[in-house]
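Structure assessment
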Amino acid sequence: MQQLPPIAEEEITHLNVYGAREHNLKNIEVHLPRNQFIVITGLSGSGKSSLAFDTIFAEGQRRYMESLSTYARQFLGSMERPDVEKITGLSPVISIEQKSTNRNPRSTVGTTTEIYDFLRLLFARISEAYSYNTGKKMVKFSEDQIIQTIIQQFNQQKIAILAPVVRGRKGHYRELFEEIRKKGYLRVRVDGETKEIQNKMQVDRYKIHDIEIVIDRLKVDKKDIQRVRDSIAAALKEGNGLLFVEEIDNKQIHTFSKSLMCVDTGISYEEPSPNSFSFNSPYGACPTCKGLGVLKQADEDKIIPDKSKNIYDGGIVALGEYKNNHSFKTVESILKQFNFSLKTPINELSEEVLNILLYGTDEKVEVETDFDNKKKYKFSYHGIAKQIEQSYHDETSIALYHWARNYISSVPCTECNGTRLKNITLWFKIDNRNISDVAHYDLDELFAWVQTLPKKLNNAQNIIAKDILKELTDRIGFLLDVGLTYLTLDRATASLSGGESQRIRLATQIGSQLMGITYILDEPSIGLHQRDNHRLITALRNLADIGNTVIVVEHDKDIMLKADYIIDLGPKAGVHGGEIVAQGNPKSFIKNNTITAQFLSGKMKIDIPKKRRKGNGNQLILKGASGNNLKKVDATFPLGMLIGVSGVSGSGKSTLINDTLYKILNQHLYRTPHQPMAYKSIEGLEFIDKVIEIDQSPIGRTPRSNPATYIKVFDEIRRLYASLPESQIRGYKAGQFSFNVQGGRCETCSGGGMKLIEMNFLPDVYVECDVCLGKRYNSQTLEVKYKAKSIFDVLDMTIEDAVVFFENIPKIHRKLKTLLDVGLGYIKVGQSSTTLSGGEAQRVKLSEELSKKDTGNTFYILDEPTTGLHFEDIKVLLDILQKLVDKGNTVLVIEHNLDVIKVCDYIIDLGPEGGKNGGTIVATGTPEQVSTNKKSITGKFLLEEL
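Residues numbered from 1 in each chain as written. Predicted model: local features only at pLDDT ≥ 70, side-chain atom pairs only at ≥ 80, totals over all residues. Heavy atoms only, no water.

What the chain contains, in helices and strands, is 34 helices and 34 strands. Accessible surface for the chain amounts to roughly 44600 Å². Of this, 49% is attributable to carbon and sulfur atoms. One finds the centroid of the 122 positive side-chain charges in the chain at a distance of 1 Å from the centroid of its 119 negative side-chain charges. (Helix = DSSP H or I, 4+ residues; strand = E, 2+ residues; numbered from the N terminus. Areas by Shrake-Rupley, 256 points an atom, 1.4 Å probe, with all protein chains shown as cover. Lys, Arg positive; Asp, Glu negative; His and termini not counted. Charge placed at Lys NZ, Arg CZ, Asp CG, Glu CD.)

Now for the nonpolar core. Grouped together as the largest cluster of nonpolar side chains are 143 residues, with contacts concentrated most on Phe37, Leu122 and Phe806. Discounting chain neighbours no more than four positions away, the residues touching Leu122 are Ser127, Ile430, Leu453, Ala465, Ile468, Leu469 and Leu472. (Core = buried A, V, L, I, M, F, W, Y, C linked by side-chain atoms within 4.5 Å. Buried < 20%, exposed > 50% of the residue type's maximum accessible area, 1.4 Å probe, protein only. Contact = heavy atoms within 4.5 Å.)

Topologically, Ala597 is positioned in helix α21 (residues 595-601). Note on Ala597: relative accessible area 0%, which makes it buried. Between the C-alpha atom of Ala597 and that of Gly42, which follows or precedes it by 555 residues, the distance is 9.9 Å.

What follows concerns the packing of aromatic side chains. The full count for this structure, using the stated rule, is 20 aromatic pairs. Ring plane angle 40° and centroid distance 5.4 Å describe the contact between Tyr116 and Phe279, whose orientation is recorded as tilted. Here Tyr116 is found in helix α5 (residues 115-126), whereas its partner Phe279 is found in the loop between β14 (268-269) and β15 (294-298), with 163 residues between them in sequence. Accessibility assignment for this pair places Tyr116 and Phe279 in one class, buried. Ring geometry for Tyr732 against Phe737: centres 6.3 Å apart, planes inclined by 75°, an arrangement best described as edge-to-face. Exposure remark for Phe737: the relative accessible area of 0% places this residue in the buried category. Among the aromatic side chains, those forming a connected cluster through ring pairs are Tyr721, Tyr732, Phe737, Tyr786, Phe805 and Phe806. In this structure, Lys86 packs its charged tip against the face of Tyr18, placed 5.0 Å from the ring centre. Over the aromatic face of Tyr130 sits the side chain of Lys429, whose NZ or CZ is 5.8 Å from the ring centroid. (Phe/Tyr/Trp six-rings, centres within 6.5 Å; stacked < 30°, edge-to-face > 60°. Lys NZ or Arg CZ within 6 Å of the ring centre and 35° of its normal.)

This paragraph deals with helix α18 (residues 530-545). Here α18 contains 16 residues, and its C-alpha end-to-end distance of 23 Å stays within 8% of the 22 Å for a straight helix at 1.5 Å per residue. Buried within α18 are the following residues: Gln530, Asp532, Asn533, Leu536, Ile537, Ala539, Leu540, Leu543 and Ala544. An end-on view of α18 places all buried positions within 160° of arc, on one side of the element. One or two positions beyond α18, positive phi appears at Gly547, with a value near 105°. (Expected span 1.5 Å × (residues − 1). Arc of directions from axis to C-beta.)

So, on to the sheet that holds strand β31 (residues 858-863). Across the sheet, 6 strands lie side by side as β28-β31-β32-β26-β33-β34; this open sheet has mixed pairing. Both edges of this open sheet fall to β28 (690-694) and β34 (920-925), since each of them pairs with a single strand only. Across the sheet, the axes of successive neighbouring strands diverge by a mean angle of 15°, strand direction being ignored. Relative to strand β33 (residues 906-911), strand β26 (residues 642-647) runs parallel, the two sharing 5 bridges. Note on β33: the bridge partner recorded for Val645 is Ile908. Sheet contacts for helix α22 (residues 653-670): β26, β28, β31, β32 (890-894) and β33; angle to β28, the most-contacted strand, approximately 140°. (Pairing = 2+ DSSP bridges. Axes fitted to C-alpha atoms, helices over the stretch in contact; angles between N-to-C directions.)

For the coordinates displayed, the defined rule picks out 41 salt bridges. Between Asp144 and Arg229 there is a salt bridge, with its nearest N and O atoms 3.3 Å apart. Here Arg229 lies in helix α8 (residues 225-238) and Asp144 lies in helix α6 (residues 143-153), a separation of 85 residues in the sequence. In this structure, the salt-bridge partner of Glu471 is Arg475, at a minimum N-O distance of 3.1 Å. Highlighted residues: Glu471 and Arg475, both in helix α16 (residues 459-481), separated by 4 residues, approximately one helical turn. Owing to a relative accessible area of 29%, Glu471 belongs among the partly exposed residues under this scheme. Counted as one network, the salt bridges with shared partners bring together Arg21, Asp83 and Glu85. (Salt bridge = Lys/Arg side-chain N within 4 Å of Asp/Glu carboxyl O.)

Summing up the model confidence of the chain, the mean pLDDT is 87 and the portion of residues at 70 or higher is 94%. Under a pLDDT of 50 for its full length, residues 7-11 has, in the predicted model, 8 contacts with residues more than four places off or in other chains. (pLDDT = per-residue confidence, 0-100.)

Moving on, we come to the state of the cysteines. Under the definition given, this model contains 0 disulfides. Free of any disulfide, Cys289 has its nearest cysteine sulfur in Cys286, 3.7 Å distant. A disulfide-free cysteine, Cys413 has its sulfur positioned 3.7 Å from the sulfur of Cys416, the nearest such atom. (Disulfide = S-S within 2.5 Å.)

Along the chain, Glu247 turns up in strand β11 (residues 242-247). Within the structure, Glu247 has its side chain in polar contact with the side chain of His254 (distance 2.6 Å). Apart from the residues lying within four places of it in its own chain, the contact partners of Glu247 are Phe154, Gln157, Lys158, Gln252 and His254. (Polar contact = N/O pair within 3.5 Å; in protein donor to acceptor, adjacent residues only side chain to side chain.)

Our next topic: unusual backbone geometry. Most peptide bonds are trans, and most residues other than glycine sit at a negative phi. Look at the link from Gly570 to Pro571: it is a cis peptide, with omega at 0°. The omega angle of the peptide bond from Gly911 to Pro912 is 0°, so this bond is cis rather than trans. Even without glycine at this site, Gln156 takes up a positive phi of about 65°. Judged by its relative accessible area of 43%, Gln156 is partly exposed.

This paragraph deals with the pairing of strand β8 (residues 187-190). Where β8 lies against strand β9 (residues 193-196), 4 bridges are found, and the strand directions are antiparallel. When the bridges of β9 are listed, Val188 appears paired with Lys195. Where β8 hands over to β9, the hairpin turn is made up of 2 residues, of which Asp191 adopts a positive phi near 50°. As paired strands, β8 and strand β10 (residues 208-219) are joined by 3 bridges and run antiparallel to one another. Along β10, the bridge assignment pairs Val190 with Ile211.

Now for the packing of helix α10 (residues 326-337) against helix α11 (residues 351-359). Look at α10 against α11: their axes get within 10 Å of each other, and the N-to-C directions meet at 160°. Regarding the angle of α10 to α11, the classification is roughly antiparallel. When the axes of α10 and α11 are compared, the crossing they make is right-handed. Contacts between α10 and α11 pair Val331, Ile334 and Leu335 from the former with Val353, Ile356 and Leu357 from the latter. A breakdown of the residues in the contact of α10 with α11 according to their chemical character gives 6 nonpolar, no polar and no charged. (Parallel < 35°, antiparallel > 145°, perpendicular 65-115°, else oblique. Left-handed = near helix turned anticlockwise from the far one by under 90°. Nonpolar A, V, L, I, M, F, W, Y, C, P; charged D, E, K, R; others polar.)

Turning our attention to the sheet that holds strand β24 (residues 619-625). Spatial ordering of the open sheet is given by β25-β24-β27, a layout of 3 strands whose pairing is antiparallel. In the strand order of this sheet, the two ends are held by β25 (633-638) and β27 (681-683), each with one partner. Neighbour to neighbour, the strand axes of the sheet diverge by 10° on average, direction disregarded. The pairing of β24 with β27 spans 3 bridges and is classified as antiparallel. Following the sheet pairing, Ile621 is matched in β27 by Glu683. Those strands touched by α22 are β24, β25 and β27, and its axis lies near 120° from that of β24.

Below, the discussion takes up helix α31 (residues 871-886). It helps to recall that an α-helix has 3.6 residues per turn; residues three or four apart then point in one direction. Given a rise of 1.5 Å per residue, 16 residues ought to cover 22 Å, and the 22 Å separating the end C-alpha atoms of α31 matches this to within 8%. Along α31, the positions that sit buried rather than exposed are Phe871, Asp873, Ile874, Leu877, Leu878, Ile880, Leu881, Gln882, Leu884 and Val885. Immediately beyond the C-terminal end of α31, within one or two residues, lies Gly888, with a positive phi of roughly 105°.

In this section: the pairing of strand β12 (residues 253-257). With 5 bridges joining them, β11 and β12 adopt antiparallel strand pairing. Counterpart to Leu243 in the pairing with β12 is Phe256. Between the antiparallel neighbours β11 and β12 lie 5 residues, among them Lys251 with a positive phi of about 60°.

If you want it as structure tokens, here you go:
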């Protein structure tokens, strides 16, 4: 038998990448040690993500797709091969990125991590039922007791005795109906409607159905007790110990079970199943809010934001200012009946008339019209708020929906109080707690409860619960290992930060205990306080120790120094990057002369300012902030300073700043409809005339948007080209130089420069347009040149080249210079926004704000601006922020990065812990003052840094 040649040693021990050229990578070769914890670092834009995600992960995914059948691939689509010569030693790849897990309102931390599924199983198997009428424990009844209860409760009433045979399942049930008919039964109740059984009867197989056999229809009489007995026995047999009684006169249904019943009131519960505790199932979800926990209702404060105005001048903003139309005629008629007019200030209207205007009246309203010879007619009036709610839920008109959306707010469901579950579900308890109580625990509280639970259960319960409790302990433990102690299972995933959702997915992967995988993570330390960093490092090390390769794109100093291997890309960013400048274990790595190595060794550092600013003497004072976990916080923000808001993860920073302060300022300055979270009062608004929030969301969703269009410098460039003599002779306007409209663009590729070739079973391919050769414009447009450069040549320049090229055109030069100042000189003028990282997008936004004239009284808010930024980039960013403050503005940053916190003039530190144990201000003052505060966890780390 022929022996296969041995696999090269290098290929087993290393993941080898040869000739990587994706984006700005310069044909690099790299050998990553397998089954180790590896950090890829380098300046923002140096090619880290291009190597980790666009090359290694993309190739791993492509290989997986190629392993599927052609039939499966046509549904999944295929992936383009990354621009790389070859990759060897690559094991299956899993990427854990920063993108938020799920925007679905039904998705929670519990459902995402599957912990809630195990909790549902635990409650279905060992919980004890209590009566919602008396609060007493339910008991199980015998058949005789059920018979006695029915005879007493329905004496002399006409009833139908029903046996449930299908509960909430899909199918056509043709065979079941035939079987019921053969047993001699004539009727069934399908989805609440009683029907006679027909030959070949069936229901819609794709819909969920409830089916009951009508065992008997009779009038309950003590003289005919045997018939009642026989019918109940048959119903319990067919319904597996469960029967329904329908009162024929009023169609009311009563449940009787051999399982659970209330002695005093006779109410009965069905035996619970895991579905009974799911808010995503019709058997567990609250019927009012359909398991969402919130209702969408018209918000009176949004409809009438200023009650001192009158209706004629637009006091009811949903109606706008007076128009001679039906709506205003109706409102005018109602006001006349109560001796008011459209010009009466709203705060002088009686409560009764305001209630009718908003919520309608059952009485007919008489309206006189100008349109129809002063004809009067009467009709029912539903009210503006009701009309808004109807329009919001009306799926036929998108325009009406968008109009109504401005006046709608989410309020906790009145039926379930936000628990999302049916009332009966909450009466099943373990250790006197229902599933909603348990889902509301912080994860560290939940962990403690699960661990102490066996002592509180009886022997039989412990035998049933043993495996479920082990699974719960493990899964909750993994979430605690990555520093998420403060989250609750009922927290909506849409409210999580990118870092939190990434760590949840990391915990899920650790829990799966897979081996031989290549994991690629994108800055898992985002949003994590220095205190919890060691937990994350331990979790990543464990993942590598069980036999996985863990590749982390990261800038955090602690994580780099604890890694097995570091790869540094550079030397600079963009076109000046894309090379491996240093690599090795941390000990040998820091001996290199690269920027990263010098920051790690301490040769380079971000300097502490020689003196702190005192501010301009004015301040914003926010009192009684109590959104989410904030405990009636009073916060003072001194203006004209660089303010840092710090604290452990989950301590309430985002709630205080993004959800409360920013929304108050936005509403005050721009009259936006977004409601801030609960607060008592705010002082000092008169000292601010502009508020700007700069986050990391993309600057555009399509490849057509780019930095030049975002900061609106491309408009100026197009005007310049339209003013050139050649354009004047040809009659070209600025639109001729746009790649988004017809005229000057190449019509073959519609100005995209690339054409999409659909390949059916193979991945779709983008190829250079064969007409314009990727230049986006037609030949006539490209003939117009400024300094021998066409409009396409300008789009293809780097920002630093463009700054020199346009140095004599002040309007263009000034805007491009701001992009250079924020450290983005390496990106191209026309670079697609979809290729920019979160940090780059944030800096483009920052440069757009810098290019505007600031007022000196602007309040800037930045949420974790160091995300995706290298030490050197942070230095550049801080220089810009300091310049903004030097002009008299106030800059507030929410941050964990100590390099940023130490240069702030003033710090507000929240804590002491996350979740329920956070939400208070533990320290304020200069970094020096906070560092000596014993209550502040941030202060302890800051002291070492200072």
